[in-house]
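# Examining the three-dimensional arrangement
If you want the building blocks of each chain, they are given just below.
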Amino acid sequence: MQFYKFIPHGDERGQLVAIEALKDIPFEVKRVYYIYDTKEGVRRGFHAHKNLEQILVCVHGSCKIHLDNGTQTEEVFLNKPDEGLYITSDTWREMYDFSPDAVLLVLASEHYNESDYIRNYDEFLKYVGESKNG
Ligand code: TYD
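The following paragraphs examine the structure supplied in this document. (Residues numbered from 1 in each chain as written. Predicted model: local features only at pLDDT ≥ 70, side-chain atom pairs only at ≥ 80, totals over all residues. Heavy atoms only, no water.)

Let us look at the sheet that holds strand β10 (residues 117-118). Here we have five strands laid out as an open sheet, ordered β6-β5-β8-β3-β10, and antiparallel in their pairing. Single-partner strands in this sheet number two, and they are β6 (73-78) and β10. With six bridges joining them, strand β5 (residues 63-68) and β6 adopt antiparallel strand pairing. Looking at β6, one finds that Asp68 is bridged to Thr73. (Pairing = 2+ DSSP bridges. Helix = DSSP H or I, 4+ residues; strand = E, 2+ residues; numbered from the N terminus.)

Now the structure itself:
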């Protein structure tokens, strides 16, 4: 887990943030998606990836991210449009506590590919366990 701070090009008109692939973030962006209008009490995600890097930016409102690398867990609060949370592939993630106005923007290093998902937690633990043991 790592934060990337983006430069807000602010002036009297307001703010503008630009994110350039391989300059402001460590990968080429192949896909962008965003989550919004999330209903109260919803928790989503519940998966890891075999080969996917992502940057999460809560461009409006706030939400929390639960991260788990199989050994340690972390809870991250996102509420800044100029801050990106970098998540590597073999990290179990859950998103929760979305404010009603939250817009969570995700920049992803690969196209959508269901076979890249690990959606079973026990399978995830096995996967990271095997990765660590070579
Ligand atoms: P889902 O995997 O349930 O989202 P989350 O990780 O937030 O729980 O995705 C919801 C739906 O959107 C599901 O039908 C798959 C589809 N989807 C795409 O078509 N492309 C994408 O890039 C993503 C992330 C999801």
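The discussion continues.
The immediate surroundings of the ligand are formed by Arg31, Tyr33, Ile35, Arg44, Gly45, His47, Met95, Tyr112, Tyr117 and Arg119. At 3.2 Å from an oxygen atom of the ligand is found a side-chain nitrogen or oxygen belonging to Arg119. Notes on the ligand: free accessible area 530 Å², of which the protein chains cover 59%. Those elements that place two or more of their residues in the shell around the ligand are β2 (31-36) and β3 (44-49). (Near = heavy atom within 4 Å. Polar contact = N/O pair within 3.5 Å; in protein donor to acceptor, adjacent residues only side chain to side chain. Areas by Shrake-Rupley, 256 points an atom, 1.4 Å probe, with all protein chains shown as cover.)

Attention shifts here to the side chain of Asp116. Positionally, Asp116 belongs in the loop between β9 (103-108) and β10. Notably, Asp116 is buried but unbridged: the nearest opposite-charge side chain belongs to Lys50, and the N-O separation is 6.5 Å. Among the polar contacts listed, one links the side chain of Asp116 to the side chain of His49, at a separation of 3.0 Å. Every residue in contact with Asp116, bar those within four places of it in the chain, is listed here: Ala48, His49, Lys50, Asn51 and Leu52. (Buried < 20%, exposed > 50% of the residue type's maximum accessible area, 1.4 Å probe, protein only. Lys, Arg positive; Asp, Glu negative; His and termini not counted. Salt bridge = Lys/Arg side-chain N within 4 Å of Asp/Glu carboxyl O. Contact = heavy atoms within 4.5 Å.)

Here we take up empty space enclosed by the protein. In the structure shown here, the tally under the stated rule is one cavity of 30 Å³ or more. Empty space within the largest cavity amounts to approximately 30 Å³. Lining the largest cavity, in full, are Tyr33, His47, Gln54, Leu56, Arg93 and Met95. Elements with a contribution of two residues or more to the lining of the largest cavity: β4 (54-60) and β8 (92-96). Class assignment for the residues of the lining of the largest cavity results in three nonpolar, two polar and one charged. (1 Å grid on protein atoms, 1.4 Å probe; cavity = no way out; pocket = protein on both sides within 12 Å on 5 of 7 lines; lining within 4 Å. Points joined across faces, edges and corners; volume = space filled by probe spheres on them. Nonpolar A, V, L, I, M, F, W, Y, C, P; charged D, E, K, R; others polar.)

We now examine the packing of aromatic side chains. Within the structure shown, the criterion is met by seven aromatic pairs. For the pair Tyr34 and Tyr36, a centre-to-centre distance of 6.0 Å together with 40 degrees between the ring planes defines the contact as tilted. Residue classification places Tyr36 among the exposed positions, given a relative accessible area of 53%. With centroids separated by 5.2 Å and ring planes inclined at 80 degrees, the aromatic side chains of Trp92 and Tyr121 adopt a geometry described as edge-to-face. Within this pair, whereas Trp92 is found in strand β8, its partner Tyr121 is found in helix α1 (residues 121-132), the two being separated by 29 residues in sequence. The rings of Tyr4, Phe27 and Tyr86 are connected pair by pair, giving a single aromatic cluster. Of note, Arg43 hangs over the ring of Tyr96, and the distance from its end group to the ring centre comes to 4.2 Å. (Phe/Tyr/Trp six-rings, centres within 6.5 Å; stacked < 30°, edge-to-face > 60°. Lys NZ or Arg CZ within 6 Å of the ring centre and 35° of its normal.)

Our next topic: the layout of surface pockets. The calculated volume of the largest pocket comes to roughly 190 Å³. Taken together, 15 residues make up the lining of the largest pocket; nearest its centre are Val17, Ile19, Val59, Pro81 and Leu105. Counting residues per element, the ones that place at least two in the lining of the largest pocket are β4 and β9. Here the residues of the lining of the largest pocket are counted per class, giving twelve nonpolar, one polar and two charged.

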